[in-house]
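Results of the structural survey
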Amino acid sequence: GLDVLFISLEMPALEIQQRLLAGLAGIPLGEVKRAENPAMIAAAERLSNLSIWVEDGHSEPRLPLDLEGIGALVRVFTATPSERHRVVLIDYLQFVQTRKRFERRHELVGHVCRELKRLARDAEVPIIVAAQLNRAVEQRGKEARPQMSDFGESSDIEKNADKALLLHRDFDAEATFIKVAKNRQGP
């Protein structure tokens, strides 16, 4: 029921579409790539009816997917009235560049965080941004779980986020846990 703009700075749009197909069809990714499973056809029809715009910067016309280009895409995405709710997904924060210059990497990441938050507010659309964690969680031991201080490259990530969800995979229990580490204006 959402209009989705998925901006991928890591994976080509084709790979994202293949992963979406695999998830919708409930089949392994390798079967999507071979296109042999009949469940894939039904999933492809369902996927084609969803309002998902996947942008990887490689399709014509080629758009620079730096911070300024992302801002332009979001403004285009939200420019026309819609009865449906919208959401923007960005994969991932540390790959977002900007035309501004910074001496230190953490300053760049902090600037990107602040500008994405401003963009979300101005465009009145939630922007969900994936972010890499540093290796500190691994150094704390096998049973350690991620915490907000593990966000890579800038403490501005935790300062500027309205919500922060940390995923933890427990391979022994074959389970994935989500920790709500920050929930501004919420419980």
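Residues numbered from 1 in each chain as written. Predicted model: local features only at pLDDT ≥ 70, side-chain atom pairs only at ≥ 80, totals over all residues. Heavy atoms only, no water.

**With respect to a nonpolar patch on the surface**
A surface patch of nonpolar side chains, about 420 Å² in accessible area, is lined by Leu 165, Leu 167, Ile 178 and Val 180. Every element with two or more residues in the nonpolar patch is listed here: strand S5 (163-170) and strand S6 (175-183). Along the chain, the position of Val 180 falls in strand S6. (Patch = residues over 30% accessible without salt bridge, like charges linked within 9 Å, V, L, I, M, F, W, Y side chains within 5 Å. Areas by Shrake-Rupley, 256 points an atom, 1.4 Å probe, with all protein chains shown as cover. Salt bridge = Lys/Arg side-chain N within 4 Å of Asp/Glu carboxyl O. Helix = DSSP H or I, 4+ residues; strand = E, 2+ residues; numbered from the N terminus.)

**Things to note about the side chain of Asp 56**
Locating Asp 56 in the fold gives a position in the loop between strand S2 (51-55) and helix H4 (67-79). Under the relative-accessibility criterion, Asp 56 is labelled buried at 10%. Polar contacts involving the side chain of Asp 56 include one to the main-chain amide nitrogen of Ala 13, which spans 2.7 Å. If we skip the residues at most four places from it in the chain, Asp 56 touches Ser 8, Met 11, Pro 12, Ala 13 and Leu 65. (Buried < 20%, exposed > 50% of the residue type's maximum accessible area, 1.4 Å probe, protein only. Polar contact = N/O pair within 3.5 Å; in protein donor to acceptor, adjacent residues only side chain to side chain. Contact = heavy atoms within 4.5 Å.)

**Concerning the pattern of salt bridges**
Note on pairing: side chains with opposite charge can pair once their charged atoms come close. Applying the stated criterion to the full structure yields 12 salt bridges. In this structure, Arg 99 and Asp 66 form a salt bridge, with 2.7 Å as the shortest nitrogen-oxygen distance. Highlighted residues: Arg 99 in the loop between strand S3 (85-91) and helix H5 (105-123) and Asp 66 in the loop between S2 and H4, separated in sequence by 33 residues. Accessibility expressed as a relative area gives 12% for Asp 66, which makes it buried. The partner of Asp 150 in a salt bridge is Arg 140, and the shortest N-O contact between them spans 2.7 Å.

**Focus: the packing of aromatic side chains**
Within this structure, the stated rule accounts for two aromatic pairs. Between Trp 53 and Phe 77 the ring centres are 6.3 Å apart and the planes differ by 55°, which places this aromatic pair in the tilted class. Within this pair, whereas Trp 53 is found in strand S2, its partner Phe 77 is found in helix H4, the two being separated by 24 residues in sequence. Residue classification places Trp 53 among the partly exposed residues on the basis of a relative accessible area of 29%. Over the ring of Phe 77 we find Arg 86, and its NZ or CZ is 5.7 Å from the ring centre. Directly above the aromatic system of Phe 177 lies the positively charged group of Arg 145, at a separation of 4.5 Å from the ring centroid. (Phe/Tyr/Trp six-rings, centres within 6.5 Å; stacked < 30°, edge-to-face > 60°. Lys NZ or Arg CZ within 6 Å of the ring centre and 35° of its normal.)

**Structural notes on the pairing of strand S1 (residues 2-8)**
Among the seven residues in S1, six count as buried, and that is most of the element. Examined bridge by bridge, S1 and S2 share five bridges and lie parallel to one another. In the strand pairing of S2, Leu 5 is matched with Trp 53. (Pairing = 2+ DSSP bridges.)

**Some details on the sheet that holds S1**
Within the open sheet, the four strands sit side by side as S2-S1-S3-S4. Their pairing is parallel. One side of each edge strand has no neighbouring strand; the edge strands of this open sheet are S2 and strand S4 (127-129). Ignoring which end each strand starts from, the neighbouring axes of this sheet average 15° apart. With three bridges connecting them, S3 and S4 associate as parallel partners. Note that in S4 the partner of Val 88 across the bridge is Ile 127. (Axes fitted to C-alpha atoms, helices over the stretch in contact; angles between N-to-C directions.)

These figures come from the coordinates and say nothing about function on their own.
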